[in-house]
Amino acid sequence: MDKENRPGHHVKKLPLGDQGEKSLKLPDILRALNLIRINKESSANVQEDPVENITEPGSKSAHTSKIRKLQIGRYEIETTSSSPYPELNDKVPIIYVCEFCLKYMYLRKSYSYHLFHCKKRRPPGSLVYRKDAIHIYEVDGNKEKLYCQCLCLMAKLFLKNKETLYSPKLLFFYILCLKDKDGEHLVGYFSRDKKSNSNVNLNCILVLPPYMRKGYGKLLIALSYEISRKEGVIGGPQKPLSDVGSLCYLSYWGHILLEWLRHHTSPDRITIEELSKATGFVKEDVILTLKFMKIRTYYTDDHILYTTPTIIENRRRHANFKKPKLSIQKKCLVWKTATSRK
Ligand SMILES: [Zn+2]
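Residues numbered from 1 in each chain as written. Predicted model: local features only at pLDDT ≥ 70, side-chain atom pairs only at ≥ 80, totals over all residues.

1. Some details on the overall build of the chain
Inference 1: Counting secondary structure elements, the chain contains 10 helices and 13 strands.
Inference 2: By the burial criterion, 36% of the 342 residues in the chain qualify as buried.
Inference 3: Once local pairs closer than 6 in sequence are excluded, the contacts in the chain between residues at least 24 apart make up 64%. (Helix = DSSP H or I, 4+ residues; strand = E, 2+ residues; numbered from the N terminus. Buried ≥ 20, exposed ≤ 12 C-beta atoms within 10 Å, placed from the backbone. Contact = placed C-beta atoms within 7 Å.)

2. Remarks on the sheet that holds strand E5 (residues 126-131)
Inference 1: Strands sit in the order E5-E6-E7-E8-E10 across an open sheet of five strands; the sheet is antiparallel. Sheet topology places E5 and strand E10 (204-207) at the edges, where each strand pairs with a single neighbour. Averaged over all adjacent pairs, the angle separating strand axes in this sheet is 20 degrees, with direction ignored.
Inference 2: Alignment of strand E8 (residues 183-193) against E10, held across four bridges, turns out to be antiparallel. Counterpart to Tyr189 in the pairing with E10 is Leu206. (Pairing = 2+ DSSP bridges. Axes fitted to C-alpha atoms, helices over the stretch in contact; angles between N-to-C directions.)

3. Here we look at the environment of Ser276
Inference 1: Along the polypeptide, Ser276 turns up in helix H7 (residues 272-279).
Inference 2: We classify Ser276 as partly exposed; it has 18 C-beta atoms within 10 Å.
Inference 3: Distance in space between the C-alpha atoms of Ser276 and Ile287 is 9.4 Å, their sequence separation being 11 residues.
Inference 4: When neighbours within four sequence positions are excluded, Ser276 is seen to be in contact with Ile234, Phe281, Val282, Lys283 and Val286.

4. Some details on the packing of helix H6 (residues 243-262) against helix H8 (residues 283-292)
Inference 1: Direction vectors running N to C along H6 and H8 enclose 90 degrees, while the axes themselves pass 9 Å from each other. The angle between H6 and H8 falls in the class roughly perpendicular. Between H6 and H8, the residues in contact are Leu250, Trp253, Gly254 and Leu257 and Asp285, Val286, Thr289 and Phe292, respectively. (Parallel < 35°, antiparallel > 145°, perpendicular 65-115°, else oblique.)

5. Considerations on the sheet that holds strand E3 (residues 94-97)
Inference 1: Strand order in the open sheet made by the four strands is E2-E1-E3-E4, with mixed pairing throughout. The open sheet is flanked by strand E2 (75-78) and strand E4 (104-105), the only strands paired with a single partner.
Inference 2: Bridging between E3 and E4 involves two bridges; their strand directions are antiparallel. The residue of E4 that forms the bridge with Val97 is Tyr104.

6. Looking at the nonpolar core
Inference 1: Grouped together as the largest cluster of nonpolar side chains are 72 residues, with contacts concentrated most on Leu151, Met154, Phe173, Tyr174, Ile175 and Leu220.
Inference 2: Examining the composition of this core, we find that 10 residues originate from one element, H6, more than from any other.
Inference 3: Residues within four places of Ile175 in sequence aside, it is in contact with Pro123, Ile136, Tyr137, Val139, Leu186 and Tyr189. (Core = buried A, V, L, I, M, F, W, Y, C linked by C-beta atoms within 7 Å.)

7. Examining the confidence of the model for the chain
Inference 1: Averaged over the chain, the pLDDT score is 80; the fraction of residues at 70 or greater is 76%.
Inference 2: pLDDT under 50 marks residues 1-24. Its contacts with residues more than four places away, or in other chains, come to 31 contacts.
Inference 3: Across residues 34-63 the pLDDT falls below 50, and counting only partners more than four positions away or on other chains, this stretch makes 40 contacts in the model. (pLDDT = per-residue confidence, 0-100.)

8. Digging into unusual backbone geometry
Inference 1: For the bond running from Lys239 to Pro240, omega is 5 degrees, close enough to zero to count as cis.
Inference 2: Considering the arrangement of structural elements, one finds Pro240 in the loop between strand E11 (236-237) and H6.
Inference 3: A positive phi angle is found at Leu102, which is not glycine, with a value near 70 degrees.
Inference 4: Looking at where Leu102 falls in the secondary structure, it is placed in the loop between E3 and E4.
Inference 5: On the neighbour-count criterion, Leu102 (23 C-beta atoms within 10 Å) is buried.
Inference 6: Phi is positive for Asp132, which is not a glycine, with a value near 55 degrees.
Inference 7: Tracing the backbone shows Asp132 in the loop between E5 and strand E6 (134-140).

9. Topic: the pairing of strand E7 (residues 171-180)
Inference 1: Along E7, seven of the 10 residues are buried, which leaves the element largely enclosed by surrounding structure.
Inference 2: Sheet analysis places E6 next to E7, joined by seven bridges and oriented antiparallel. Bridge pairing links Val139 to Phe173 in E7.

Here it is in structure tokens:
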């Protein structure tokens, strides 16, 4: 991770000191995000139905890997977490994954053999977004069990605090690829509960390290909200988020909220409820982001924003809340709700 990508460096850059109210510091923000997770844990449903053929973390037969590197496509990537790959010899330092079908191998010669014979050149499932070289597929975890299990196992090599291995069949996976003459190369993905009325619109998100800081994470986040919007649901990510994930979300939420406030003639009279409805963000996330941006709120019947166009412009100029490098072009999105597919 480069220096700019570290949470502490983002916080130090904040010159937002023109309001008297003391804002939350990053550790407070992360703690708050975790508290939200604890409050909602009783209703979490992703752990009810373990996947067949994959050992759960912590179970007797699960192996904690010593894998240090992942070879996928043209990249050899240092891993940051462990993953319970089955039948894994502790001495395997590197795992080889086919970037198209996601099958994993422990030997380079098996990998070379597989690459020669594998005919897949894109993820399974249906294309839901296409803009230039960026293609996003929706994959049903129940229909493509093996692909999704392999994806979760690989993701766990980079996600410390996410239990990604439970119940892929209850989830949809949105796979972002970059297309070139050789095929569609995996960049990242997010998973989402199949229940369309859930206000958790993203369970897990990963952008592979070589593709970080290019806007793909925020593009996936934007897609998760676009899907919720089409379903008429106000949503947000499952908590807790990683430090990097939290900063990515705070930056995204901040930008969208500021853009909305900027175009509102009386930003000092807006309630949190209105902001939540306008943006599709759950109220907790709106409140947290406003605190992070040092935009003061106060209580009457609801939180009321206390801000001015000058303050909004000041925040908009800050690097943390700049416009994302990539955004969802609605005309390129062909995703449909379950009811409109029938
Ligand atoms: Zn393959």
